[in-house]
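Descriptive structure summary
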Amino acid sequence: MPGKSATIRLHVNGEEHTLAVPVQRTLLEALRYDLGLTGSKQGCDKGDCGACTVLADGEAILSCITLAADAQDRKITTIEGLASPAGLDPVQRAFADCGALQCGFCQPGMMLSARALLNTCAHPSLAQIKDALSGNLCRCTGYTKIYEAVQVAAGMRGPASRQPVASERAPASDSVAHAVKEIVP
Amino acid sequence: MMTLPPVEVLRPSSVAEAVEALQKHPGSRVLAGGTDIVPNLKYGMYDTQHLVALRGLSKELRYVRLQNDLHLGALCTIDQLAHDETIRRCAPALAEACSQVAGPQLRRMGTLGGNLCLDTRCVYINQSYFWRNALGFCLKKDGTVCHVVAGGQRCVAAASNDTAPVLLALGATIKIVSPRGERELPLRDFYLADGIHNTVLRPDELLTGIRLPKDAFAKRQGFAKLRTRAAIDFPSLNMAVALEIEKGTVKSVSLAVGALAARPALIKGLDDLNGQKADARLAEELARRAHKQCKPLTNIGVDPDWRRDVLPVLVRRMVLRAAATAAAAS
Ligand SMILES: Cc1cc2nc3c(=O)[nH]c(=O)nc-3n(C[C@H](O)[C@H](O)[C@H](O)COP(=O)(O)OP(=O)(O)OC[C@H]3O[C@@H](n4cnc5c(N)ncnc54)[C@H](O)[C@@H]3O)c2cc1C
Ligand code: SF4
Ligand code: FES
Ligand code: FES
């Protein structure tokens, strides 16, 4: 059974869109598959991971468990709308400067949660940053650089310049064990 | 990718319209914040054809009113309750519990009514249809056996809502509206020991709000929660205590524990503790009794033996913390 469809109006990144979608369409599906805004990620699709985080009237919410029709009266901001014609949002700049990412999958959600925090609290404490980002999972970075990036975006510090970790130099691989024996056919 | 099954969404703009819609469409379900029902619908846990969305009722049902007692509307968000000044003063344990629900996005979306009516949870049910089909369906949906209790005839999926133990311990009542009118019910009579549907709520009834009697404000309150990560995770155990203390002696005490089976448990037989000194011995005794009455199961994917072992430790610490706080302002 294909189900009913409905006409909805979404206000996304400053633009109005009128869409005909199935009634049960989620906001995430509408963004990605009807509007082509694939920056919002489909991670778990069930409210666990935060990869689908968007801003609704400035508040971070999960688009994968929000009906598109329920987003109609709210101004939605996705990662595509974070930068302005004047350039990147300070949050985006800081995440890049701090190298606060590895695979990048969590980043759109992470940056939007960070933006929502900075909109209500210009100089958050580390505890406030951790709390605001606690609904966004990152499987790669270990979070340290992400927290740092939020502080940098808030103008509370500069990006850390880290010395490469000093460790004993490992012996060159050809000086040990497995000298490759030539295989003679 | 998990798509929602086809449904029709009704959007009433008043409580009266909402209960009429529920009555008119048998099998329909309420959609409040959607943070529980949407994932569950994606799992294929319900055969619902109609959702009754409550968004249009937020003006009517999003109130925090202190009029003698504390009245909270069902559509207050969890985040709102965690930060509200009146609640922090009158019911600090409720604010604490709310601040520990899920993660920040979910707290902004989820509501008090949805939390109290949260469907029970189990590692064998909150899974995709494919997963459940592969293992073999269970009693709660589509099947005939329980994977938690061998030979069990009743679903024991866990009540996993963090506000329930607090509101039980504090003696809250709930307001229920149906096409037949309004009724008020002590929360302790709301929950049933049946994981398939663990409340007395009938299909055409709406929980519209709660009332916290003012005598609760003067009680020492405590909440504690065990979970794997400090955010996002549902409780592996949760509990709350309300202590009435006069001149260092207990006048009354109630203790509730959740995340065990379908019904959040009020620990029984505590009346004989009235008159005792509110000291470390009391905390120890409450811990002992809770340990005796609470048996964690394999319905939650965290070792039940370990949960049973830490339960009395958490109770003892929570009671000591609560006893040490000044009574909340009345
Ligand atoms: C990843 C994740 C983690 C979570 N962690 C926690 C946690 O740690 N602790 C916790 O307590 N919860 C947790 N939750 C569950 C949920 O977010 C909250 O319990 C929330 O408060 C539910 O409210 P809602 O408005 O979103 O409910 P909905 O999903 O809208 O509804 C939940 C159920 O209640 C019914 N219902 C809702 N409102 C009413 C009403 N007024 N009258 C009658 N029936 C009603 C619905 O029909 C549905 O069956 C988590 C959810 C997710 C996805
Ligand atoms: S407790 Fe048993 S019947 Fe209930 S959901 Fe879990 S496996 Fe299914
Ligand atoms: S995709 Fe929405 S929370 Fe994971
Ligand atoms: S950078 Fe890979 S999940 Fe965060």
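Owing to the predicted nature of the structure, the values given are computational and were not obtained by experimental measurement. Think of each chain on its own: its residues are numbered from 1, step by step along the sequence as written. Whichever chain is written first becomes A and whichever ligand is written first becomes 1, with later ones labelled in order. Local features in this predicted model are restricted to residues of pLDDT 70 or higher, and side-chain atom pairs are both shown and tallied only at a pLDDT of 80 or more, whereas totals for entire chains, interfaces and linings draw on every residue. Excluding hydrogens and water, the side-chain values take into account all heavy atoms of the structure.

Here we take up the domain arrangement of chain B. Residues and elements named next belong to chain B. The domain boundaries here were taken from an automatic or database domain assignment. Segmentation of chain B into domains returns domain 1 (1–54) and domain 2 (61–117 + 158–329). Each of domain 1 and domain 2 has a C-alpha centre, and the two are 26 Å apart. Here domain 1 packs against domain 2, burying approximately 1000 Å² in sum over the two surfaces, 77% of which is carbon and sulfur. Once two parts are put together, the accessible area they lose, assessed with a 1.4 Å probe and summed over both, is termed the buried area. Broken down residue by residue, the surface that domain 1 buries against domain 2 is led by Val15, Val19 and Thr35, which jointly contribute 42%. In protein, a polar contact requires one atom able to donate a hydrogen and another able to accept it; more generally it is a pair of N or O atoms within 3.5 Å, and residues adjacent in sequence count only if both atoms are side-chain atoms. At the junction of domain 1 and domain 2, the tally comes to 0 residue pairs in polar contact (both at pLDDT 80 or more). Broken down by element, the residue count for the side of domain 1 that touches domain 2 peaks at 5 residues, all from helix H1 (residues 15–24). The residue classification treats Ala, Val, Leu, Ile, Met, Phe, Trp, Tyr, Cys and Pro as nonpolar and Asp, Glu, Lys and Arg as charged. All others, Gly included, are polar. Residue composition of the side of domain 1 that touches domain 2, by class: 7 nonpolar, 3 polar and no charged. Going along the chain from the N terminus, every DSSP run of H or I of four or more residues is numbered as a helix, and every run of E of two or more is numbered as a strand.

With that settled, consider the interface of chain A and chain B. Accessible area lost upon the coming together of the parts serves often as the stated size of an interface. The interface of chain A with chain B comprises 36 residues on the first partner and 28 residues on the second. Carbon and sulfur atoms supply 59% of the area that chain A and chain B bury against each other, a total of about 2500 Å² over both sides. A salt bridge links Asp70 of chain A to Arg11 of chain B; the shortest N-O distance between them is 2.5 Å. The biggest single contributor to the side of chain A that touches chain B is strand E4 (residues 59–62) of chain A, with 4 residues. When the residues that make up the side of chain A that touches chain B are grouped by side-chain class, the tally is 14 nonpolar, 12 polar and 10 charged. Any two residues having at least one pair of non-hydrogen atoms within 4.5 Å are treated as being in contact. Each salt bridge in this description consists of a side-chain nitrogen of Lys or Arg and a carboxyl oxygen of Asp or Glu lying within 4 Å of one another.

Turning our attention to the environment of Thr144 of chain A. All names here are of chain A. Here Thr144 shows up in helix H5 (residues 144–153). Exposure categories follow from relative accessible area, calculated using a 1.4 Å probe and restricted to protein chains: below 20% of the type maximum is buried, above 50% is exposed, and the middle band is partly exposed. Judged by relative accessible area, which is 52%, Thr144 ranks as exposed. Taking the C-alpha atoms as reference, Thr144 lies 8.1 Å from Ala100; in sequence the two are 44 residues apart.

Glancing now at the site of ligand 1. All names here are of chain B. Residues in close proximity to ligand 1 total 35 residues, the closest being Val30, Gly33, Thr35, Thr111 and Asp162. Between ligand 1 and Ser160, the relevant distance is 3.4 Å, taken from an oxygen atom to a main-chain nitrogen or oxygen of the residue. At 2.7 Å from a nitrogen atom of ligand 1 is found a side-chain nitrogen or oxygen belonging to Asp162. Relative to its unbound accessible area of 970 Å², ligand 1 is 96% covered by the protein chains. Elements that contribute at least two residues to the shell around ligand 1 include exactly strand E2 (29–31), helix H8 (112–116) and strand E8 (206–212). For this description, a residue counts as near a given molecule or strand if any of its non-hydrogen atoms is within 4 Å of it. Calculation of accessible area relied on Shrake-Rupley with a 1.4 Å probe; when residues are assessed, cover is drawn exclusively from the protein chains displayed.

Residues and elements named next belong to chain B. A cavity, in this analysis, means grid points on a 1 Å lattice covering only the protein atoms where a 1.4 Å probe fits yet has no way out; a pocket is instead an open set bounded by protein on both sides within 12 Å along at least five of seven lines, and a residue lines either one if it has an atom within 4 Å of a point. Grid points are joined across faces, edges and corners, and a volume is the space filled by probe spheres set on the points. In this structure, the second largest pocket occupies an estimated 670 Å³ of space. Along the wall of the second largest pocket there are 28 residues; nearest its centre are Pro264, Ala265, Leu266, Ile267 and Lys268. Counting only elements with at least two residues in the lining of the second largest pocket, the list comes to helix H10 (163–169), strand E11 (249–258) and strand E12 (265–266). With 3 residues, the top contributor of residues to the lining of the second largest pocket is E11. Of the residues assigned to the lining of the second largest pocket, the class counts are 18 nonpolar, 4 polar and 6 charged.

Bringing the site of ligand 2 into the picture now. All names here are of chain B. Around ligand 2 sit Cys122, Tyr124, Ile125, Cys138, Leu139, Lys140, Cys146, His147, Val148, Cys155, Val156 and Ala157, and that is every residue in its neighbourhood. Spatially, ligand 2 is embedded in the largest cavity. When its residues are assigned to classes, the shell around ligand 2 shows 10 nonpolar, 1 polar and 1 charged. What decides whether a molecule sits in a cavity or pocket is whether more than half of its atoms lie within 2 Å of the grid points.

Okay, the nonpolar core next. Residues grouped as a nonpolar core are buried Ala, Val, Leu, Ile, Met, Phe, Trp, Tyr and Cys residues, joined through side-chain atoms within 4.5 Å. Counting 90 residues, the largest nonpolar core has Leu116, Leu167, Ile174, Phe190 and Leu212 of chain B as its most contacted members. Beyond its immediate chain neighbours, meaning those up to four positions away, Ile174 of chain B contacts Leu116, Arg183, Glu184, Leu185, Leu187, Phe190, Leu207, Gly209 and Ile210 of chain B. Membership of the second largest hydrophobic core comes to 29 residues, among which are Ala60, Ala94, Met110 and Val152 of chain A.

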